[in-house]
Amino acid sequence: MALISLRRTLAASICAWMAGGALAASDAASLATDPAAMTQLVEAVTLDVISELSVSACEDMGVPSAAQMRDAWVAWRTRYQLPPLRVVVTRVMERKSSDPPWDKLVDRVRKRVLTNATPDQACLAMAREWDGPGMDIAAKYPQAVPVARALVQAKLVTPPTPLPVAVEPARGQLLLPSQVIALTAQRGSWLAISDEAALRKMGQVYVKGRVARDLRHPERFHLVEERGDRRAEQLIYLKFNAEPWVGREIVLRGVVTSLNRLSMDLADAALVNDASGLTVSPLPQTPLARKEVLLQRVSTAPGQGLSEKDLVAVVLQGEANYNYGSRWEEDVRFLLKDGTVYRRTEMPPDQLNVAASRQLEPQRWGRWRSTGKGYEMQEQDDEGRPVGEWKLEKHVAVKPWPKDARLEGSFSRSSFNGSMVTGGTSATRGIRFTKDGRFERSYSALSSTGSLQAITGTVIAGSSQGDGSGSSSTGGGTVGTGLGTVGATSGTRTKDDGASRRGRYQLGGYAITLVYDDGHEERLLSFPVEGNGRSVYVGGGSYDLSK
């Protein structure tokens, strides 16, 4: 009954938060525009965002204390009513900027954990901090809750919506994310139907999983199914704001408004208060796949990884992908003398920790053999067992860079994601090298609506660009309504001085080292794709010399 009581308490907390501390209209407006009070609210929520990003990084690093850390964070944010505060601040930020809220924090906070020399100790220490005085939100930010209520009361932001609670004991069967494929095979697939149509089509369903967030889109939530280092590749997307439940395993009742082999959407949802009468559906469960292993866990210091004497060749294959756009995709593999092949190549071979990789990601390995026509390869499954037939691959061997090689010229790669009908984004990334050892990265992107929206008079576009001198973004458009075309906005914002995109480079072997003017450094997989210097591979793809 303790879990049932907890669910009831959490579900009621949003209602209590919204009802508490009502202010006179003039007082609400005054507090909502008080810069000092707003700063307290933003700082309180920022602390929660940083905490969640740290939990995510610790989980991705596979530290033993990850589960303990997540539970401690969930208890802390619930104790200080942070979920409704975060909803309010996120919505305020989304009104003021087209950039995703907290987007700039994601990489910086995660990097702090991922580059820590002793991540186990660092993550355990963070778990303890949430019970300390330094994380007492009520004491540090006493105005945070009042100003959030004032913003809602002054109608400057829409309030958090409480999730209904199904108080009656549930009876029947519940679905897990790993059963989405079997459910699709049984019922067929459908896309974006109404709640009423979903109720007629399949009735109400029960689902179970842990609530997770899309870190890049903070108001998008889904259910995941995990056991140890395994996770279901299918997701159950939640069509409501599940902020109070992030990090918790819950049972929901709702209707399925979208279903395919990759995911399902759950709408018109209610929290199941008593799930003791539910049993797992007999539908087959797709085996859980190994979680993606972070590069840091299978990397080592330069020169301490795969040795030259154990490496036969680095091989490359590329082809165009026209699925929802157009882009050039490449696959690089390492061929070892013991007859094994490594299929994940995001780092130079001399940084691959072979022993760690074989243990943590055996599915990335396989076998290879040379034939008169090229290379044949056979894959491995999540347990490291050979799977499938030997296949003749199109990969060809590439050569390493001579020590201290130099390049000159501008190289670029372009892509388009989307369609002319629905709209999309065209992007170009470039690197300019000079023979004195300098480099400058650049990027440009243009996004716009397509011909489908143009029929109604809606045309929205935005662009961004950056190079060694700085970066900027612009946006604008018009929206068609039943009364005609209204609204036109545009703006330009400069973001930085470009120091994070320029610096010095060094080539050698299968690596390029980039030392940026702002102080950060990268060491990436690199080699000449063609011997004439017209194409170079850097990081995750090849760049062609501009004409």
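The model shown is predicted, which means the values in this text are computed figures rather than measured ones.

## Some points on helix α3 (residues 35-60)
So, step 1. Between the first and last C-alpha of α3 there are 37 Å, a value that for 26 residues agrees with the 38 Å anticipated at 1.5 Å per step.
So, step 2. The N-terminus of α3 is capped by D34, whose side-chain oxygen sits 3.0 Å from the backbone nitrogen of A36.
So, step 3. After α3 finishes, the residue G62 shows a positive phi value of roughly 70 degrees.

## A short note on the state of the cysteines
So, step 1. Scanning the model with the defined rule gives 1 disulfide in all.
So, step 2. Across the disulfide, C58 is cross-linked to C123 (sulfur-sulfur distance 1.9 Å). An S-S torsion of about -95 degrees defines the bridge between C58 and C123 as left-handed. Pair noted here: C58 is in helix α3 and C123 is in helix α7 (residues 119-129), with a separation of 65 residues, a long-range link. Residue C58 shares its accessibility class with C123, and that shared class is buried.

## Brief notes about the pattern of salt bridges
So, step 1. In total, this model carries 36 salt bridges according to the counting rule given.
So, step 2. Put simply, K291 and E226 hold a salt bridge, and the shortest N to O gap is 3.5 Å. You can see K291 sitting in the loop between β11 (289-290) and β12 (311-321) and its partner E226 sitting in strand β5 (residues 226-227), a full 65 residues away along the chain.
So, step 3. Taking the relative accessible area as the measure of exposure, E226 reaches 23% and is therefore partly exposed.
So, step 4. One salt bridge in this structure joins R364 and E292, with 2.6 Å as the shortest N-O distance. One end of the pair, R364, is in the loop between α12 (354-360) and β15 (365-371); the other, E292, is in the loop between β11 and β12, with 72 residues separating them in the sequence.
So, step 5. When its relative accessible area of 55% is taken as the criterion, E292 is described as exposed.

## Focus: the confidence of the model for the chain
So, step 1. Across the chain, the average pLDDT comes to 87, with 87% of residues at 70 or higher.
So, step 2. Confidence over residues 480-486 falls short of pLDDT 50; this stretch has 11 contacts with residues more than four positions distant or in other chains.

## Digging into the environment of G172
So, step 1. Here G172 is to be found in strand β2 (residues 172-175).
So, step 2. As for G172 and G277, which are separated by 105 residues in sequence, their C-alpha atoms are 6.9 Å apart.
So, step 3. Other than its neighbours up to four places away in sequence, G172 contacts G277, L278 and T279.

## Section: the sheet that holds β11
So, step 1. In space, the 3 strands of this open sheet follow the order β5-β6-β11, with antiparallel pairing throughout. Each having just a single partner strand, β5 and β11 make up the two edges of the open sheet.
So, step 2. Looking at chain direction, strand β6 (residues 230-231) and β11 are connected through 2 bridges and run antiparallel. The residue of β11 that forms the bridge with R230 is R290.

## Regarding the packing of aromatic side chains
The geometry of an aromatic ring pair is captured by two quantities: the separation of the ring centres and the angle between the planes.
So, step 1. Summed over the entire model, instances satisfying the criterion amount to 8 aromatic pairs.
So, step 2. Ring geometry for W76 and W130: centres 6.2 Å apart, planes at 35 degrees, overall tilted. Of this pair, W76 sits in helix α4 (residues 66-79) while W130 sits in the loop between α7 and α8 (137-140), and the two are 54 residues apart along the sequence.
So, step 3. With relative accessibility at 0%, the residue W76 sits in the buried group.

## Here's the deal with the packing of α3 against helix α9 (residues 144-153)
For any two helices packed against each other, the geometry comes down to the angle between their axes and how far apart the axes lie.
So, step 1. Where α3 meets α9, the axes come as close as 8 Å, and the angle between the chain directions of the two elements is 105 degrees. Compared by their axis directions, α3 and α9 come out roughly perpendicular. In this structure, α3 uses A37, M38, Q40, L41 and A44 to contact α9, whose residues at the interface are A144, V147, A148 and L151.
So, step 2. Here the residues of the contact of α3 with α9 are counted per class, giving 8 nonpolar, 1 polar and no charged.

Calculation notes
Residues numbered from 1 in each chain as written. Predicted model: local features only at pLDDT ≥ 70, side-chain atom pairs only at ≥ 80, totals over all residues. Heavy atoms only, no water. Helix = DSSP H or I, 4+ residues; strand = E, 2+ residues; numbered from the N terminus. Expected span 1.5 Å × (residues − 1). Polar contact = N/O pair within 3.5 Å; in protein donor to acceptor, adjacent residues only side chain to side chain. Disulfide = S-S within 2.5 Å. Buried < 20%, exposed > 50% of the residue type's maximum accessible area, 1.4 Å probe, protein only. Salt bridge = Lys/Arg side-chain N within 4 Å of Asp/Glu carboxyl O. pLDDT = per-residue confidence, 0-100. Contact = heavy atoms within 4.5 Å. Pairing = 2+ DSSP bridges. Phe/Tyr/Trp six-rings, centres within 6.5 Å; stacked < 30°, edge-to-face > 60°. Axes fitted to C-alpha atoms, helices over the stretch in contact; angles between N-to-C directions. Parallel < 35°, antiparallel > 145°, perpendicular 65-115°, else oblique. Nonpolar A, V, L, I, M, F, W, Y, C, P; charged D, E, K, R; others polar.

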